[in-house]
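Chain by chain, the residues run as shown.
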Amino acid sequence: MPFVLPLPGFYTYNGKLLLLGKHSALPQITPIRAQSASAIVQRLINECLQAAAEQWNTGPTVNYPGHYFSIYMPNPRLLSHVDRILDIVETAIQVSGLDVCTPLFEQTFKGEHSMASKFDDLYLPLLPRLRTLLEKKGQDLSWPPFSRFMRLLIAIYLAKILRQKSNFPNVNLRKLGCGCLECKKLDDFFSEPLQSIEFQLAQPRRTHLKHQLAHASDLCTLQTIKTRVPHTLRVTKLPSVIEPSKWAHKQKKAREFLASIGPDHIISKIMGGQYPEVDLALKGVKLFCLAATSSANNRIQHGASKVPAAAGVQLSSNQNVSGKSSISVPLTQPVAGQKRKLP
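Notes on the structure follow. Values in this document were obtained by computation on a predicted structure and should not be read as measured data. (Residues numbered from 1 in each chain as written. Predicted model: local features only at pLDDT ≥ 70, side-chain atom pairs only at ≥ 80, totals over all residues. Heavy atoms only, no water.)

**Thoughts on the state of the cysteines**
Two cysteines joined by a covalent bond between their sulfur atoms form a disulfide.
Consideration 1: Counted under the stated rule, the structure contains zero disulfides.
Consideration 2: Cysteine C183 shares no disulfide, and the gap to the nearest cysteine sulfur, in C180, comes to 3.4 Å. (Disulfide = S-S within 2.5 Å.)

**Quick word on the nonpolar core**
Consideration 1: If you look at the biggest cluster of nonpolar residues, it comprises 54 residues, and the most contacted ones within it are V89, I154, F257 and I261.
Consideration 2: Those elements that provide at least two residues to this core are α1 (37–54), α2 (81–94), α3 (101–108), α4 (115–136), α5 (146–162), α8 (239–261), α9 (264–271) and α10 (275–283).
Consideration 3: Among the elements that line this core, the one with the most residues is α5, at twelve residues.
Consideration 4: For I154, the residues in contact, after removing those within four places along its chain, are F257, L258, I261, I267, I270 and M271.
Consideration 5: L186, F189, F190 and L233 belong to the second largest nonpolar core, which has 17 residues in total. (Core = buried A, V, L, I, M, F, W, Y, C linked by side-chain atoms within 4.5 Å. Buried < 20%, exposed > 50% of the residue type's maximum accessible area, 1.4 Å probe, protein only. Helix = DSSP H or I, 4+ residues; strand = E, 2+ residues; numbered from the N terminus. Contact = heavy atoms within 4.5 Å.)

**Some remarks on the packing of aromatic side chains**
Consideration 1: With the rule as written, the count across this model stands at ten aromatic pairs.
Consideration 2: Pairing F109 with Y123 gives two aromatic rings, centres 5.7 Å apart and planes at 40 degrees, and the pair type is tilted. Taken together, the residues F109 in the loop between α3 and α4 and Y123 in helix α4 connect sequence positions 14 residues apart.
Consideration 3: Given the relative accessible area of 0%, F109 is considered buried.
Consideration 4: Geometrically, the ring pair formed by F119 and Y157 is edge-to-face, given 5.4 Å between the ring centres and 70 degrees between the ring planes. One end of the pair, F119, is in helix α4; the other, Y157, is in helix α5, and 38 residues separate them in sequence.
Consideration 5: Through successive ring pairs, a cluster of aromatic residues spans F105, F109, F119, Y123, F146, F149, Y157 and F257.
Consideration 6: Taking the ring centre of F189 as reference, the NZ or CZ of K237 above it sits at 4.6 Å. (Phe/Tyr/Trp six-rings, centres within 6.5 Å; stacked < 30°, edge-to-face > 60°. Lys NZ or Arg CZ within 6 Å of the ring centre and 35° of its normal.)

**Quick notes on the sheet that holds strand β8 (residues 196–200)**
Consideration 1: Ordered in space as β8-β10-β9, the three strands form an open sheet in which the pairing is antiparallel. With partners counted over all chains shown, the strands left at the sheet margins are β8 and β9 (220–225), one partner each. Ignoring strand direction, the axes of neighbouring strands in this sheet form an average angle of 20 degrees.
Consideration 2: The pairing of β8 with strand β10 (residues 232–237) spans five bridges and is classified as antiparallel. Paired with I197 across the strands is V235, a residue of β10.
Consideration 3: Seen against the sheet, helix α7 (residues 203–212) touches β8, β9 and β10 and runs at an angle of roughly 25 degrees to β10. (Pairing = 2+ DSSP bridges. Axes fitted to C-alpha atoms, helices over the stretch in contact; angles between N-to-C directions.)

**Regarding unusual backbone geometry**
Consideration 1: Between P144 and the following residue, P145, the backbone shows a cis peptide bond with an omega angle of 0 degrees.
Consideration 2: Secondary-structure assignment places P145 in the loop between α4 and α5.
Consideration 3: That bond from V229 to P230 is cis: its omega, -5 degrees, falls within 30 degrees of zero.
Consideration 4: Note that P230 resides in the loop between β9 and β10.
Consideration 5: The phi angle at R163 is positive, at roughly 60 degrees, despite the residue not being glycine.
Consideration 6: Take R163: it is sitting in the loop between α5 and α6 (181–189).

Right, here's the structure in full:
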């Protein structure tokens, strides 16, 4: 027999908030009419945000009706994971529900994709837009829960994507151009992993490039290809230059990644005591220690260190960040009602 409610309304069942009608088959329900309407609405909002965070990478579907049946297919216009994350964060800010951001950020580390592809497809497009959103909403990127997420991303990028500078002979990579359009392409070429580049230009422009490269025999060789009109000037790096230019490219991308998060003083706040290691990693002097980022959080949790909680993230020792494995990264959540402090 269905359980007859005294009145339809909001009830709790197994810790969940339900809106029930007059008849229900749930035998153990508790009316919560004593709570204020605002408290009920806030709880509903929090549960909706939590559900959205768990499904951040699941796109909504669109009903395409047919003659005999309907087909539900993903809507490509609504599938942007970056947009969905930003929508959840913005809503959380508006309803003072920032606690949902911690599990949301944790969810992004799960999945079968490599960490390198996640940076290309998700984190690199996300970070500048997230920074803009937080500035617009008056939120500090160096405060929890955002600082923990940023700290972990920085640590993973430096340790697993930038990695350490290889042992190769010292090469004097330098600016060779005058600043014109072709010379800018030439200078960019020496900080990219490409082995050669071609300039199909009229003779005066080719002569100009040859003049700029006249004293660069330690970096490249020149060849004029005359099978096309206008002729083509091919610039090829020497074998000894290829590895240094690859490192220069990775170094440039790492600096751009950090700049997308914020200026140096923001990076310093986020990284705390590990900030000097960031500079060493960028220079290729020392591989960034990802384990130290985890141990800092462990010291915080056990009260063995005065490192601010905002600096802590936890990464289990058996995780392969760059591999194709499901990664679970618990970010320490702030205690409810506790004021957030600068790291």
